[in-house]
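Residue-level structure breakdown
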Amino acid sequence: MKALTHGRYRGLDGNAAVFEVGAVATPLATIRVAILEPDIGRVTLKRTEGYRLDRGWAIAPNGQEPPFAGRARDDLSGFANPAVTVREGDGTVVVAAAGLSATVTLNPFGIVWRRAGEAEPFLRDRPTQAYFLSRKTGALAHSMARHADERHYGLGDKAGPLDRTGRRFAIDAVDPCGFDAELSDPLYKMLPFFIVDGPAGAHGLYYDNLAVGEVDFGCTIDNYHGLFRSYKADDGDLDYYVLAGPTVPDVTRRFSWLTGGQAFAPRWSLGFAMTSMAIADAPDADARISAFVADCKAHGIRCDSFHFGSGYTSIGPRRYVFNWNNDKFPDPAATMARLKAAGMQPVTNIKPCLLDDHPRIAAAKRDGILVMDGSSGEPAVAQFWDGLGFHVDFTNPRGRDWWANGIRTQLLDYGVVSIWSDNNEFEIWDEDAECAGDGRPFAQSLARPAQALLMHKLAYEVQAAHAPGKRPYVITRAGGAGIARYGQTWTGDNETAWKTLRFNLTQGLAMSLSGLFNIGHDVGGFHGPVPGPELFCRFVEFCALWPRMVMNSWKDNGTVNTPWMHPEVLPQVRAAITLRHSLIPYMYTQMWRASRDDMPAVRPLFWDFPEDDTARLVEDAFMLGSDLLVAPVLEEGAATRDVYLPAHPGGWYDWHDHSHWEGGRVVTVPAPLGRLPLFARAGAIIPVAEGAETTAVIFGTSADTASGVIYADDGETVDWRQAGNVITLSLRPEDGSPTLTASASTALPRISVRAVGLQSVRLATAGLVLKS
């Protein structure tokens, strides 16, 4: 690659300052520096021959949904685009707008970013050779100066500790079944977004590039350049967004806004769910599903959805999307009806690769719906589960029509309510693979995660059209920035191991900080050894309070993870699942906030306690909303748990026995099997389900103040922004007595009230009922 060390200012183009960059006397590209919002900057490099890919699918400011054909890279709609001023100095150009400025040094070329009113920059390019571009390939690189005290978060579903400093990560996606949650890389998603938090506050960078690459957070040390971090891509365009912060929550929320936010899933999707490859793979699969329904009833386990593994599509040992094996499922519609009658919504797994002997492969080739090998004119061949196959091209309107028809006629028309897009990493390694690009073809290597995103988007839109008025629930395993605006994802095919608990936790927190808010983990571990009673119970506890709780497994010996697989811990497992269901009113409110306010439900402790230096280092617990601290047991043989409780006026209450603890210290609490360490913040009012009614639990403070919000609707309305009922509860001292008032955006329902840490409570609003 060549270093772009020399720049020349060419003037303003709209609100962007344009620079010609290259070697000493050879311009190779132009760089545009723009300020899109008071806290969002953008740097876009364009080669002299043009963009490598002139569109993208991630950027969706203000909820502007990109079309299937993609959003033009130069499209500025949805942004405020404030007027900029330009001031030229001695070898520098300052581009400024309200809230943000960029100082561009022409030789050597580099950019320094400042927030308005701050003398020190929060982000600066490496002063020695910051930008690189290859003239022989599509490769590119960007290097930034790094402060020794900075911490790095993000990149989506990466393994290992939450702080990524000192590591290098691949921006790539594979199917890493049974991955090591501490060490494996890459995993499923390609998401080159990260947050830097340090002495200058926090900022974020997102590279709108869908090609394979890497991010280095200081793994590389080079004596000539000082401390630095870097982003590299094998191909594509250098087009990055600077999110000015200045706090980690500011960055995450702004990134979520930039990429379209989080879809609000129906309430039933928060219930405990079940799937297993072994069930749908079995020759008597339909009978096994009936047996699972009966076992749930017999063991007192509430299950709100059943997720079909792909075995329902099998012919012999191989799997064929949209093919029902009628030997295993003689009447699929009756199976779906039976599940719904048991209170379980049916969800089906689909995969985008058609095996080379798929019953409809000849028609698929004839109709041209597959990713093609541009050199041969034949479909691009890829390795898949059961052999070789060909991937449906979701940038092809004919491919999308074929897929949508399969979803409608083979799944939704039978009574399936939700689509689970799986194995969609699009591992097509043919260098000549080409996407149709909605009439403007491009190399598959330029946009692999776009295929997964479009597959996910299509499932969402087909479900929405099939059931108007109802919010779709869709799931994807792969993709990149923007997949959250359609639905849910998870940490993938995890290994059954104790360390998986610890590092699935940080993996999930990193996903939340990366704008993926509806997430969870395979309960019990998907792959590897069969979990023993203790590990299985701790897995259930660990997964109980994430937005997604699906028990999913595939074991070599055919064992299926079920709640009753170890009778000796069944009561404890049932208690953890019951705890989850009791907290659905609170979790549903948090997911509403995630969709309305770009606020993750699950987040690290430092999100809510930024001034607490100890909380910044905690990676073995998490906050669920602002009011609950969850500290799962992560060690084998433990019967107690040491938990750091952040400093907070009024302290914390143990959820189980209501014992009170001061904040700002480590406490040791009992943690026998079945008791997930859980703490409520003093001053919180938390809604819980008790039978058919909702109870508001007040956790009092010495100041007799508390507050809480409950969001309620019918659980599935598309019109949730207008039709939902926002109930606000407020406890304040009045006439010497703590007094609770309530208001609602529509009618106030009957709400029971229970007080913890208060001698008495006076209810000042009709409809509130005090419980002992």
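We now turn to the structure provided with this report.

What counts, and at which threshold
- Residues numbered from 1 in each chain as written.
- Predicted model: local features only at pLDDT ≥ 70, side-chain atom pairs only at ≥ 80, totals over all residues.
- Heavy atoms only, no water.
- Pairing = 2+ DSSP bridges.
- Helix = DSSP H or I, 4+ residues; strand = E, 2+ residues; numbered from the N terminus.
- Axes fitted to C-alpha atoms, helices over the stretch in contact; angles between N-to-C directions.
- Contact = heavy atoms within 4.5 Å.
- Core = buried A, V, L, I, M, F, W, Y, C linked by side-chain atoms within 4.5 Å.
- Buried < 20%, exposed > 50% of the residue type's maximum accessible area, 1.4 Å probe, protein only.
- Parallel < 35°, antiparallel > 145°, perpendicular 65-115°, else oblique.
- Nonpolar A, V, L, I, M, F, W, Y, C, P; charged D, E, K, R; others polar.
- Left-handed = near helix turned anticlockwise from the far one by under 90°.

1. Quick notes on the sheet that holds strand β18 (residues 201-207)
- Taken in spatial order, the eight strands of this open sheet run β2-β3-β4-β5-β21-β18-β17-β15, and their pairing is antiparallel. Two strands lie at the open edges of the sheet, namely β2 (6-13) and β15 (151-154), each paired on one side alone. For this sheet the average axis-to-axis angle between neighbouring strands, irrespective of direction, equals 20°.
- Judged from the eight bridges that link them, strand β4 (residues 27-37) and strand β5 (residues 40-47) form a sheet pairing that is antiparallel. Among the inter-strand pairings, Ile 35 is bridged to a residue of β5, identified as Gly 41.
- Together, β4, β5, β15, β17 (193-198), β18 and β21 (239-243) form the strand contacts of helix α1 (residues 248-258), whose direction differs from that of β17 by roughly 160°.

2. So, the sheet that holds strand β14 (residues 140-145)
- Here we have six strands laid out as an open sheet, ordered β1-β13-β14-β20-β19-β16, and antiparallel in their pairing. Where the open sheet ends on each side, the last strands, each with one partner, are β1 (2-3) and β16 (168-171).
- Across three bridges, the pairing between strand β13 (residues 131-133) and β14 is antiparallel. Directly across from Leu 133, in β14, lies its bridge partner Leu 140.

3. As for the nonpolar core
- Counting residues in hydrophobic clusters, the biggest one holds 150 residues, and the most contacted among them are Ile 350, Trp 403, Leu 545, Leu 583, Trp 655 and Ile 686.
- For Leu 545, the residues in contact, after removing those within four places along its chain, are Leu 579, Arg 580, Leu 583, Met 587, Val 602, Phe 622, Leu 624, Val 630, Leu 676 and Leu 678.
- Within the second largest apolar cluster, 47 residues are counted, among which are Met 144, Leu 155, Leu 205 and Tyr 240.

4. Some remarks on the packing of helix α8 (residues 498-513) against helix α9 (residues 533-543)
- At a minimum axis separation of 10 Å, α8 and α9 run at an interaxial angle of 10°. Considering the angle they form, α8 stands roughly parallel to α9. Residue-level contacts link Trp 498, Thr 500, Leu 501, Asn 504 and Leu 505 of α8 to Glu 534, Leu 535, Arg 538, Phe 539 and Phe 542 of α9.
- In terms of residue class, the contact of α8 with α9 is built from six nonpolar, two polar and two charged.

5. Focus: the packing of helix α6 (residues 397-410) against helix α7 (residues 448-466)
- Packing of α6 against α7 brings their axes to within 10 Å, and their N-to-C directions diverge by 50°. Taken together, the axes of α6 and α7 are oblique relative to one another. Of the two elements, α6 crosses α7, and the hand of that crossing is right-handed. Residues Arg 400, Trp 403, Ala 404, Ile 407 and Arg 408 of α6 touch α7, and the partners they reach there are Met 455, Leu 458, Ala 459 and Val 462.
- Among the residues making up the contact of α6 with α7, the classes are represented as seven nonpolar, no polar and two charged.

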